[in-house]
Amino acid sequence: MKMEAMSLSGLDNTKLEALAHDIYSDLVEDACLGLCFEVHRAVKQGYFFLDETDQDSMKDFEIVDQPGVDIFGQVYNQWKNKECVCPNCSRSIAASRFAPHLEKCLGMGRNSSRIANRRIASSNNMSKSESDQEDNDDINDNDWSYGSEKKAKKRKSDKVFLRSLKQPVLLNPNSPRRSKSLKHKNGELNNNVNTDPYKYNYNSGISYETLGPEELRSLLTTQCGVISEHTKKMCTRSLRCPQHTDEQRRTVRVFLPGPSASTLPDVDAVVESDGYDVSDGQALMNRLQWDGSSDISPSDSASSKASTNNSDSKKPKKKKKPSLGLSSSGTGGTGGGTGGGPGTAGSGSSSQGVLSLPSRKKKPKLPAPPTPSIYDDMN
Amino acid sequence: GVPRLVEWHKQRATSGFAAPSSPNQSECSHLQKLHRGSSFSSPVVEHVSSSSSSSLKTKTSIEPKGKHGTGALDVASAMSPAACSHVNGFKVDNWKQNLRVIYRCFVWSGSAETRKRKAKSCVCHVCGAHLSRLHSCLYCVFFGCFAKKHIHEHAKSKRHNLAIDLLYGGIYCFVCQDYIYDKDMEQIAKEEQRKAWKLQGTSHLFAPAGIGERYSTWEPTKRELELLQHNPKRRRITTNCTIGLRGLINLGNTCFMNCIVQALTHTPLLRDFFLSDRHKCEMKPNSCLVCEMSQLFQEFYSGHRSPHIPFRLLHLVWTHARHLAGYEQQDAHEFLIAALDVLHRHCKGDDNGKKANNPNHCNCIIDQIFTGGLQSDVTCQVCHGVSTTIDPFWDISLDLPGSSTPFWPLSPGSDGSVVNGESQMSGATTLTDCLRRFTRPEHLGSSAKIKCSGCHSYQESTKQLTMKKLPIVACFHLKRFEHSAKLRRKITTYVSFPLELDMTPFMASSKESRMNGQYQQSMDTLNNDNKYSLFAVVNHQGTLESGHYTTFIRQHKDQWFKCDDAIITKASIKDVLDSEGYLLFYHKQFLEYE
């Protein structure tokens, strides 16, 4: 089979086909030879055994396709007790609560600045025994894993009990005497730097007895203020704190500040002004004993209007539905608009607004109180 | 894992077998290497369970399994079992250079001239044949065919006991009567082969650069071989295997992150990149998102059945993408872009020095996979001059019918032409419809005049977007969440999307050929450049206020799975194609060298 250069032009179809077939079979034979060499080399170099697998353990990893179980053959929803260690604070957190914990831990998110401000204010005015201004949100957030949560609650109740024994019950709001315990007001007082912003405290709130009228009023414009039956302190959460109802808030505002105080501004914008006389401390105390406990379920409001307001406090009690943050382009003018390109990724797509939405059903947002007008006639 | 292995080795030592040092666990995890595979074939991963190998403690001895190679494995390790001592006679004087010449001239032909020369000169000196497994003697200039034993005769008569196979470059020893593998000689062979590959393609027909690196399959090192031998519970990832799939715990409304993680861990090229340890980190420990991504792949391929807890991932993403600001920001699409951005920023160490060829001018793996180029042509209505810009993109956001901006008609006077097998006249809106709308010429109106450099004045113009360069993975974002001033709602219009997608009609090059009068009504079926396959679909169920993300992912070519946080179940193709669709991930079908 001597090889020589050959022109294809003079050949007819059968010859061309025969040639093509020859070339094809040569190629196939060469390919087979290549495979033989591969195997031969693998055997000689000692890695041919890698082709073998362990049949039994292969069976362990077969995909399962049956109702009620996942592909591993596991029943759904058995992963409730997973925990992880926060890389920021090194605490052990329940996995399903890690995201909200991390949000606070990193100081991000809508509530964090409020919480941080409160801490800043409180830590400046606290004596050592009172250094535990609590971040009320955290107690109910169940950030802690189950074990430590129990401990935390226990400690809190101890402290509260001691404190209420210590302090005199002063019902005259005009008294100049104040306990040092008092003063956190959402950062209104001081702006000193808090040395330990993330220390979780177990206080129960503000003692209303020691507040002056003005302080009381301004407090009530920004805070829930409902007095806890258990601790006799005012709730320091936001005006929409889901642990207390609007009814309770209204009542506090009726009874505490004095005669012509208006109530908490609410959705209906009803202003009630009772001519109430703060005369009898005991009577006041009696009135302030709520029947309702302080652990009302927060997430049962029927209204679920989407709100872009960032000031909602979030209270998870039930299993949360994952919520949806939304971004979308409202502009139709730019032909379709591309998504966030690499260069603009930091701000998302050029035409997308970023939205935060609470996942749980929320009570309707309350309009801001018309502050000056309410308290003008006081003092 | 490790303590048991140590025990077992001790046992072996006392029973008289040689006990090599015990492999440690970190070595085992790196054995999940990829050594073959195209886009959707199962990766041939040698999977070794590094823990929970419960049967190890019951083994008291190990025999090398399999019939082959038993003898080779028993040979003392002083010399590689595959070599022979007879090459020593050859390895004298200038043997290396001589060998190189033989490889260069007669074995690996890189250019057309060398091919011609090889074809002409390599014939059997005895019978003139050139195709019967021709071998060249290593000691003198003699070619003889193997099939007819002419080379054998030469070896016997001349006592030249080494020959080289001219087709594959293997060295044959006539004394051992077998092909042998000598480390030094193989090194030379490999180098010459690489050089020849680089030469290929330098003829005037091809681009100046060569074809590139010749793909070589993974070969285990001696150490790795030892480890693999001592861990016989090896598994291959077949089509019926769960390895590579894993659930993800929801950390508190983090399904938006979980769904993206599932899509990324099932992107074949990303999987290949991370499983072959390509990332070289230049950042402080525990602060690099790419390292965490790498760790994520290890977790997915670990064989663990319990869902993974991606808390470190969340922490890193929030640390590096502060604008996501808390877990209330929960759009999966936004998370995808932010994650790609952070990964891209952290990939600095992986720049392999090659010139970046994508519109983002970066060579990191993220840009190589995800970055495409979007061409925007603004045409002046008066002088018809065109101003063109090309912007990088990681995804394409598509408007849907049902939003406040009108969807139909796609363009003035458009007909019901058939594209991708779907026509406009049929009921459901298709992905192709959305893409056609995206690439339609749009009249910008008299209120948005553009300064035309040709006319030197403000003129009305039309604008059109087309794809200049398609990424390897194309992500389509269906804009289902409307946030205009008047209303906020979710658009649930069903959009049908195909399993296979041809992007050719939307390319800038197609537009040019249309404009030049070359109408291509039929698709060029031989052109595979723009063909894409669906591999992941992120869905959102629920309303604007409260919803849940899940992902369908494709594994092993035609198996689909539904990933719902911690629960992974099998899904049918019908489930996938019937779903609403929010983010659609398509992978190029055919990957070619640059």
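Now for a description of the structure that goes with this document. Everything numeric here is computed off the predicted structure, so don't read it as measured data.

Thoughts on the overall build of chain B
Now for step 1: Helices and strands together make up the secondary structure of chain B, namely 17 helices and 25 strands.
Now for step 2: Counting over 594 residues, chain B shows a buried share of 54%.
Now for step 3: The long-range fraction of contacts in chain B, counting pairs at least 24 apart against all pairs at least 6 apart in sequence, stands at 65%.
Now for step 4: By element, 53% of the accessible surface of chain B is carried by carbon and sulfur atoms, the whole surface being about 26,600 Å².

A few points about the packing of helix α9 (residues 255–265) of chain B against helix α11 (residues 289–300) of chain B
Residue and element names in this part refer to chain B.
Now for step 1: α11 packs onto α9 with a crossing angle of 80° between their chain directions and a minimal axis gap of 11 Å. Overall, the two elements α9 and α11 adopt an arrangement that is roughly perpendicular. On α11, the residues touching Val-261, Gln-262, Leu-264 and Thr-265 of α9 are Met-293, Leu-296, Phe-297 and Phe-300.
Now for step 2: Class assignment for the residues of the contact of α9 with α11 results in 6 nonpolar, 2 polar and no charged.

Here we look at the pairing of strand β2 (residues 134–137) of chain B
Residues and elements named next belong to chain B.
Now for step 1: With burial as the criterion, each face of β2 is covered, one bearing Leu-134 and Ser-136 and the other bearing His-135 and Cys-137.
Now for step 2: Direction of pairing for β2 relative to strand β3 (residues 143–145): antiparallel, over a ladder of 3 bridges. Residue pairing for β3: Ser-136 is matched across the bridge by Phe-143.
Now for step 3: Between β2 and β3, which pair antiparallel one after the other, the connecting turn spans 5 residues.
Now for step 4: Note that β2 and strand β4 (residues 162–165) share 3 bridges and pair antiparallel. Bridge pairing in β4 links His-135 to Asp-165.

Some thoughts on the pairing of strand β25 (residues 583–588) of chain B
Residue and element names in this part refer to chain B.
Now for step 1: Extensive coverage of β25 is indicated by the burial of 6 of its 6 residues.
Now for step 2: Going residue by residue along β25, you find Leu-583, Phe-585 and His-587 tucked away on one face and Leu-584, Tyr-586 and Lys-588 tucked away on the opposite face as well.
Now for step 3: Of the pairings in the sheet, the one linking strand β16 (residues 473–478) to β25 comprises 5 bridges and is antiparallel in character. Residue pairing in the sheet places Ala-474 in a bridge with Tyr-586 of β25.

Things to note about the packing of aromatic side chains
Now for step 1: A complete count under the given rule lists 18 aromatic pairs over all chains for this structure.
Now for step 2: One aromatic cluster in this structure is built from Phe-37 of chain A together with Phe-146, Tyr-168, Tyr-172, Phe-174 and Tyr-179 of chain B.
Now for step 3: Across the ring face of Phe-311 of chain B, the terminal group of Arg-312 of chain B is positioned such that the distance to the ring centre comes to 5.6 Å.
Now for step 4: Seen from the ring of Phe-561 of chain B, Lys-570 of chain B lies directly overhead, with NZ or CZ sitting 5.9 Å from the centre.

Quick word on the sheet that holds strand β15 (residues 461–469) of chain B
All names here are of chain B.
Now for step 1: Spatially, the 4 strands line up as an open sheet ordered β9-β8-β15-β12, and their pairing is antiparallel. Both outer strands of the open sheet, β9 (386–393) and β12 (442–443), are each paired with one neighbouring strand and no more.
Now for step 2: On the sheet, helix α16 (residues 508–515) packs against β8 (372–380) and β15 and is oriented at approximately 125° with respect to β15.

A few points about the sheet that holds strand β6 (residues 178–180) of chain B
All names here are of chain B.
Now for step 1: The 5 strands are arranged β3-β2-β4-β5-β6 in an open sheet whose pairing can be described as antiparallel. Each edge of the open sheet is held by one strand with a lone partner, namely β3 and β6. Adjacent strand axes in the sheet meet at a mean angle of 40° when their direction is disregarded.
Now for step 2: One ladder, built from 3 bridges, connects β4 with strand β5 (residues 171–173); its direction is antiparallel.

Conventions we followed
- Along each chain, residues carry numbers from 1 onward, in the same order as the chain's sequence is written.
- Lettering of chains starts at A and numbering of ligands starts at 1, both following the order in which they are written.
- Where totals are concerned, whole chains, interfaces and linings use all residues; where local detail is concerned, this predicted model gives features only for residues with pLDDT of at least 70, and gives and counts side-chain atom pairs only at 80 or more.
- The basis for the side-chain values is all heavy atoms of the structure; hydrogens and waters are excluded.
- Secondary structure elements are defined from DSSP: runs of H or I of at least 4 residues count as helices, runs of E of at least 2 residues count as strands, and each element is numbered from the N terminus.
- Here the term buried applies to any residue with accessible area under 20% of the maximum for its type, exposed to any over 50%, and partly exposed to those in between, with areas from a 1.4 Å probe on protein chains only.
- Between two residues, a contact is recorded if the distance between any of their heavy atoms is within 4.5 Å.
- Working definition of accessibility: Shrake-Rupley area with a 1.4 Å probe, residue cover restricted to the visible protein chains.
- Angles run from 0 to 180 degrees between N-to-C directions of axes, and those axes are lines fitted to C-alpha atoms, restricted for helices to the stretch in contact.
- Our angle categories are set so that under 35 degrees counts as roughly parallel, over 145 as roughly antiparallel, 65 to 115 as roughly perpendicular, and the remainder as oblique.
- Only Asp, Glu, Lys and Arg are considered charged, only Ala, Val, Leu, Ile, Met, Phe, Trp, Tyr, Cys and Pro nonpolar, and every remaining residue, Gly among them, polar.
- Here, any two strands with at least 2 DSSP bridges between them count as paired.
- Side-chain rings of Phe, Tyr and Trp (the six-membered ring for Trp) are treated as a pair once their centres are within 6.5 Å; stacked means planes under 30 degrees apart, edge-to-face means over 60, and tilted covers the remaining angles.
- Whether a charge sits over a ring depends on NZ of Lys or CZ of Arg being within 6 Å of the ring centre and within 35 degrees of the ring normal.

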